[in-house]
Amino acid sequence: MHTSGEPTRIVVNGYPELEGGTLLEKRRCARDKWDEIRMRLMREPRGHAEMYGAILVQETELTRSGEADIGVLFCHNEGYSTMCGHASIGLGRFLVDTHDLNVFPRRNGLVQDPSTGFVTLRLHAPCGIVQLSVPVKPDGHSDPTRPVSFLGVPSFATARNLVVEIPADKLWPSLKATGRSTVTLDVAYGGAFYALVSASELGFPYGLRGATTVTELDHATATLKALLSPRTELFVHPTEADLTFLYGVIVTEVTAQQRETGICFFADQQIDRSPCGSGVMARVALGVAQGRLRLGDTCEYDSVVSLLHGESGYGFRGTAVEEREEGVIVKVDGRAFYTGASSFVVEEHDALPNGFIVGLPA
Ligand SMILES: O=C([O-])C1=[NH+]CCC1
């Protein structure tokens, strides 16, 4: 599937049983014991450097307790993430549409709200429960003309107006041209930790649509990620050590009242083609912390791809729904579409069984 242009390759069959009782233990098992499967599905020639995946996990500690309907592990060019909004939106449609009980045993237990026509399903992601609301047509299939929405895990800001000094040998031309050697940014959590920095702060006065090159953006965000990642005090998750790391850097640009564009560099400098749902959770939580957004406020988020589709409804919307002690509950909505179904093989004599990414060691 794709969500505003960002792919989600949903693994529905053939993946081995993961050891471990909890989803986070299963995530470690996937990483430590079966990572070649991720590489084969994400990398060339079966995938590409920007591929994204979702591995369905039938049983977790929260499906056993009845708090979730199915588990998922998200994966990408570098490893396994803790939250993914664009993939959750695609999974919402897919899980409602699949009637194969080997793929989704709890499909028949889903309840459709007759008043709204939406089916609710609870996805257990490594960061916690993502509660999806999927619009359904009278024939019981998901409705591609209306957005899927989800309520994310409590999201919060961990640093505001953080000044980062850029070493002279790492300065990029647009920042050097400003005469500055510092960048001021924020850090927030939306199921994963992001550094959030405006395009103008990086030295791009005309924002993301100006003469900004992806190469310079890539260098700037990779530099910031390398400088910030060792500062783990910025990414402390209240309960899970597995979630304590900087996942991405999002370059933002306010384009109108409660409307933003952004480009998210995540994992090994992958670029999210979607507005990045977990990033939207983090950005809304930051907006509430800064007093820019109040409960009930909705902000529109575009990506460099959804901007190309001028019509509305191709970006994501983020709404601050509830403020809890642990953080802000954000509702995110967006649209996903099917792109096809595939089967993949690796023959015994294939000299590149785990694929490759041009420019990176195999
Ligand atoms: O939508 C999302 O949260 C993300 N898409 C790719 C990285 C995270």
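Predicted model only: the values in this text are computed from it and were never measured.

Participant: Any chance you could explain the domain arrangement of the protein chain here in plain terms?
Facilitator: By a widespread convention, an interface's size corresponds to the accessible area lost as its parts come together. Each assigned domain of the protein chain is listed with its residue range as follows: domain 1 (2-146) and domain 2 (156-334). One C-alpha centre belongs to domain 1, the other to domain 2; they are set 24 Å apart. Summed over both sides, the interface of domain 1 with domain 2 buries roughly 1,900 Å², with 53% coming from carbon and sulfur. A salt bridge links Asp242 to Arg27, with the nearest nitrogen and oxygen atoms 3.9 Å apart. Along the contact surface separating domain 1 from domain 2 lie nine residue pairs in polar contact (both at pLDDT 80 or more). Of all elements in the fold, only strand 1 (2-3), helix 1 (23-33) and helix 4 (85-97) reach the threshold of two or more residues within the side of domain 1 that touches domain 2. Grouping the constituent residues of the side of domain 1 that touches domain 2 by class yields eight nonpolar, 10 polar and five charged.

Participant: Would you explain the site of the ligand in this entry?
Facilitator: Lining the immediate surroundings of the ligand are Tyr52, Cys84, Gly85, His86, Tyr194, Tyr247, Phe266, Asp272, Cys276, Gly277 and Ser278. Note that an oxygen atom of the ligand is positioned 2.7 Å from one of the backbone N or O atoms of Gly85. Backbone polar atom of Gly277 to an oxygen atom of the ligand: 2.8 Å apart, as the coordinates give it. Within the residue set of the shell around the ligand, elements represented by two or more residues are helix 4 and helix 7 (277-290). The class makeup of the residues in the shell around the ligand is six nonpolar, four polar and one charged. Lining the shell around the ligand are residues from two domains, each supplying at least three of them: domain 1 (2-146) and domain 2 (156-334).

Participant: It is not clear to me how helix 6 (residues 214-228) should be interpreted in this structure. Could you clarify?
Facilitator: Structurally, the α-helix is built with 3.6 residues per turn, so residues lying three or four positions apart point the same way. The terminal C-alpha atoms of helix 6 lie 21 Å apart, and with 15 residues this matches the ideal 21 Å at 1.5 Å per residue to within 8%. Along helix 6, the residues that are buried comprise Glu216, Leu217, Ala220, Thr221, Thr223, Leu224, Lys225 and Leu228.

Participant: What is the right way to look at the pairing of strand 12 (residues 182-189) in this model?
Facilitator: Two faces belong to every sheet, and in a regular strand the side chains alternate between them. Of all the eight residues making up strand 12, six are buried; the element is thus mostly covered by neighbouring parts of the structure. Of the pairings in the sheet, the one linking strand 11 (residues 156-165) to strand 12 comprises seven bridges and is antiparallel in character. What sits directly across from Val163, in strand 12, is Thr184. Pairing between strand 12 and strand 13 (residues 193-198): four bridges, direction antiparallel. Residue Asp186 lies in a different strand from strand 13, and its bridge partner there is Leu196. Connecting the antiparallel pair strand 12 and strand 13 is a turn made up of three residues, with Gly191 showing a positive phi of about 90°.

Participant: I keep staring at the side chain of Gln270 and nothing clicks. Help me out?
Facilitator: Mapped onto the elements, Gln270 comes out in strand 16 (residues 270-271). One polar contact links the side chain of Gln270 to the main-chain carbonyl oxygen of Met51, over a distance of 3.0 Å. With residues near it in sequence (within four places) discarded, Gln270 still touches Glu6, Ala49, Glu50, Met51, His76, Asn77, Cys264 and Phe265.

Participant: How should I be thinking about unusual backbone geometry in this particular structure?
Facilitator: Comment: phi is negative for the bulk of residues other than glycine, and the bulk of peptide bonds are trans. Of note, the bond from Glu44 into Pro45 is cis; its omega dihedral lies within 30 degrees of zero at 0°. Position of Pro45 among the secondary structure elements: in the loop between helix 2 (35-42) and strand 4 (53-57). Look at Gln258: it is not a glycine, yet its phi comes out positive at around 55°. Look at Cys276: it is not a glycine, yet its phi comes out positive at around 70°. Its place among the elements puts Cys276 in the loop between strand 16 and helix 7. Given the relative accessible area of 3%, Cys276 is considered buried.

Reading the values: the criteria
- Residues numbered from 1 in each chain as written.
- Predicted model: local features only at pLDDT ≥ 70, side-chain atom pairs only at ≥ 80, totals over all residues.
- Heavy atoms only, no water.
- Domains from an automatic or database assignment.
- Buried area = accessible area lost by both parts, 1.4 Å probe.
- Salt bridge = Lys/Arg side-chain N within 4 Å of Asp/Glu carboxyl O.
- Polar contact = N/O pair within 3.5 Å; in protein donor to acceptor, adjacent residues only side chain to side chain.
- Helix = DSSP H or I, 4+ residues; strand = E, 2+ residues; numbered from the N terminus.
- Nonpolar A, V, L, I, M, F, W, Y, C, P; charged D, E, K, R; others polar.
- Near = heavy atom within 4 Å.
- Expected span 1.5 Å × (residues − 1).
- Buried < 20%, exposed > 50% of the residue type's maximum accessible area, 1.4 Å probe, protein only.
- Pairing = 2+ DSSP bridges.
- Contact = heavy atoms within 4.5 Å.

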